[in-house]
Amino acid sequence: MTQTKRDVFVTVLEKLAVFILLAAFMFVTVHAYITTYSMDIFNGCNEHFELMYDSLFVNLLLLFAFILLSALIAPVVRRFTPGECIALILIWFVGMGFAWVMSARTLTGADSQIVFDAAVAASKNDFSKLSDAYFKDYPFQLGFAFVIEMLYRILPNFEGPATAQYLNVFCLAAMMCGLVLITKLAFPEKKAYAYVTLLAILCVQPIPFLTFVYGNIPALTCGVYAVLFFLLAARDGRLWSRIVFALLAALMLGLGVMLKYNSLIFTAALAIVAILKFIRRPKIYLPIFLAAALSASVLMPAAVKKSYERRTGIEFGDGVPMTGWLAMGLSEAYNGPGWYNGTHTVSTYRKNNFDGEKTSEEAMATVRSRLEYFASSGAATRQFFTVKIMSQWNEPTYQCLWQNQVRAVDGNRTIPASLFCEPGSTGEILLKTYMNVIQQIILFLFTAYVGFTFFRRGAACDLFPLFVIIVGGFLYHLLFEAKSQYVLTYFILMLPAAGAALEMSVSRVRDAFSASRSRAHAKRSE
C-alpha cells in the first residue's frame, strides 16, 4: 500500500469515528436544550430521576450571552500564560476542594463504604472484611482498595474517609492541569488553553463529587496523563524520549485500569489511535506503547488481586461476567432503562454459586430475549435508548449532589456545602440550575468543535485521542450499565474541545465587532 493510500485509509477511519461522535452529541445537545433529567433524592439511596422541560429560547439566549461576555473579557483571558493558568487551576481546585470536603463531612456508603472499610482494615493487617462476598462479585474493586490501603499505611494516624477525599482533591487539580497541558500541545500557537482554564473553573460539578470515595477521579487523572504522555511521545523527535513517554503513558493506563476497571476504555482508545498512527507512519515507539499498555492494563490489576489472594487465602475468581452487565444494560429497571439492577448480575452470580459460565448462559438468554423485543418494536427501542442516553448525558449534576445528600454525615455540615445540600433549598435549586446552564454551554461548544473537525480537510487534530475515548464511553454505556456519575468522566474530557470552540467563537465575535466599528468610522469620515 502506497503512502497516499495509507493516509486516505486512516483519514477515512478517523472521519468515521468523528462522525459517530458528532451524530451522538448532536442528539444529546439538542435534547439537553429542551429537557433535563434531575436526580430525585426523595427516593432515598435508590437512584431515581425525573424528566423536566426547559425553555429552548432562554437556553439559547444564555448561550449567546455567555459567548458575548467571553468576547468582552477576552483581552484579560488571553493575557494568561500556560504557567499562570496552571497556577490558577491549582489554587481554585485545591482551595474549593478542601473547602467542600471539610464543610460537607460526607461519609462513605454502599459500595464505597464496603471497599473503604476493607481497605482501611487491611492497612492494619486485618483482612477479614475482604472475605465479604462483595469482592467475589467485583474483584476489580481490589485495585482501588489497594491504593486506599497503601494511603492509610503511609498515614496511619488519620481515620475516616477525609484523607481519601483529600486524595481526590489533589487528583482533580492535577487532572485539570493535565487538560490545560493537552490543550497547549494540541494548539501551540493559540490561546485555547486559557479558555479551557475558564471553562474548567466554571465547571463546578467535580467539586461536590470529591467526597465520593471511589476510583472515578484518581482513574480519570491517570487517563488524562496517559493521553498527555501519548501526545508527547508523538511530538518529541528523539527515539529514546518517545519510548520514555510511551512507557509513562502505558503505566498511567495500567494504574487507571487498576483503580477503575472501566478505564479499559482509555486503553482501547489509545491502542486504536496508536494503530492508526502506525498505519500512517510506522514508528518504533508505537508497537512498544501497544505492548506496554496492554500488558500494564492486564497485569497490574491481576498482580493486585494475586497479592490479596496470597495475603488472605481467598480465591476471588473473575467476578460477575461482562455478559451479566450487558443483560442489565439492555433491561428495564425500577430506576430507568439500563440502570443498576442486580437481577442479572450479583443475584444470578450468587445463585449459581459464583459460577461465571452458568451466569453468562443465563445472561445471554436475557440478551437474546431483549434483542428480539427491540427488533419487534421500533418505538419501544427508540424510547428505551433515548431515555437511557439522556438520563446519563443530560443529568447536569452527574450525581455529585445526590451522593452527598444520601450519605451519612459526620456531625453537621457547614458553609459552603450546607448551602447546597439541603434538598429543595434555594441553594440547591440555584446550583442545579447553574449546573444545567454550564452543561448546555459545554455540550454545545464541544459538539461545535467536533463538527468543525469533521468538516475540516486533512487528518484529525491532536484531540482525536480524547474523541475516541468519549466515543468509547458513549457506546459502552449505551449497551452496559447506565449511571450519570460515570459520564462525568467524559464530560470533563470535553473541556479541551469546548475551550477551542470558545476561542474560535470569541475571535469571530470580536472580528465582527471590529468590522462593524470600522464601517461606522468610515461612514462618519464621509
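As the structure is a computational prediction, the values presented were derived from the model and not from experiment.

The rules behind the values
- Residues numbered from 1 in each chain as written.
- Predicted model: local features only at pLDDT ≥ 70, side-chain atom pairs only at ≥ 80, totals over all residues.
- Heavy atoms only, no water.
- Helix = DSSP H or I, 4+ residues; strand = E, 2+ residues; numbered from the N terminus.
- Rg over C-alpha atoms; globule rule 2.2 N^0.38 Å.
- Buried < 20%, exposed > 50% of the residue type's maximum accessible area, 1.4 Å probe, protein only.
- Lys, Arg positive; Asp, Glu negative; His and termini not counted.
- Charge placed at Lys NZ, Arg CZ, Asp CG, Glu CD.
- Salt bridge = Lys/Arg side-chain N within 4 Å of Asp/Glu carboxyl O.
- Contact = heavy atoms within 4.5 Å.
- Axes fitted to C-alpha atoms, helices over the stretch in contact; angles between N-to-C directions.
- Nonpolar A, V, L, I, M, F, W, Y, C, P; charged D, E, K, R; others polar.

A.B. asks: Just to check I follow, could you spell out the overall build of the chain for this structure?
C.D. replies: Of the regular secondary structure elements, the chain holds 24 helices and two strands. For 526 residues, the compact-globule formula gives about 24 Å, and the C-alpha radius of gyration of the chain, at 24 Å, lands near that figure. With respect to the principal axes defined by its C-alpha atoms, the chain has extents near 90 × 65 × 60 Å. Buried positions account for 55% of the 526 residues belonging to the chain. With 44 positive and 34 negative side-chain charges, the chain shows a separation of 11 Å between the mean positions of the two kinds.

A.B. asks: Help me understand the pattern of salt bridges in this model?
C.D. replies: Proximity of charged atoms lets side chains of opposite charge pair with each other. Applying the stated criterion across every chain yields a total of 15 salt bridges. One salt bridge in this structure joins Asp 7 and Arg 281, with 3.0 Å as the shortest N-O distance. Of this pair, Asp 7 sits in helix H1 (residues 3–32) while Arg 281 is found in the loop between helix H13 (264–280) and helix H14 (285–312), placing the two residues 274 residues apart along the sequence. According to the relative accessible area criterion, Arg 281 is partly exposed, its value standing at 41%. The salt bridge involving Glu 481 is made with Lys 483; its shortest N-O contact spans 3.7 Å. On the accessibility criterion, Glu 481 (9% relative accessible area) is buried. In this structure, a network of salt bridges that share partners links the residues Asp 7, Glu 14, Arg 280 and Arg 281.

A.B. asks: What exactly am I supposed to notice about helix H9 (residues 192–202) here?
C.D. replies: Since the α-helix turns once every 3.6 residues, residues separated by three or four places project in the same direction. Counting buried positions along H9 gives 10 out of 11 residues, so the element sits mostly inside the fold. Those residues of H9 lying buried are Ala 192, Tyr 193, Ala 194, Tyr 195, Val 196, Thr 197, Leu 198, Leu 199, Ala 200 and Ile 201.

A.B. asks: For this particular structure, what's the right way to read the side chain of Thr 35?
C.D. replies: Positionally, Thr 35 belongs in strand E1 (residues 35–39). Excluding residues that lie within four positions of it along the chain, Thr 35 makes contacts with Leu 51, Met 52, Tyr 53, Asp 54 and Asn 394.

A.B. asks: Please clarify how the packing of helix H17 (residues 356–376) against helix H18 (residues 378–393) should be interpreted in this entry.
C.D. replies: In a pair of packed helices, the angle between the axes and the distance between the axes together describe the arrangement. Running from N to C, H17 and H18 cross one another at 115 degrees; their axes reach a closest spacing of 5 Å. Residues Arg 370, Tyr 373, Phe 374 and Ser 376 of H17 pack against Gly 378, Ala 380, Thr 381, Phe 384 and Phe 385 of H18. When its residues are assigned to classes, the contact of H17 with H18 shows five nonpolar, three polar and one charged.

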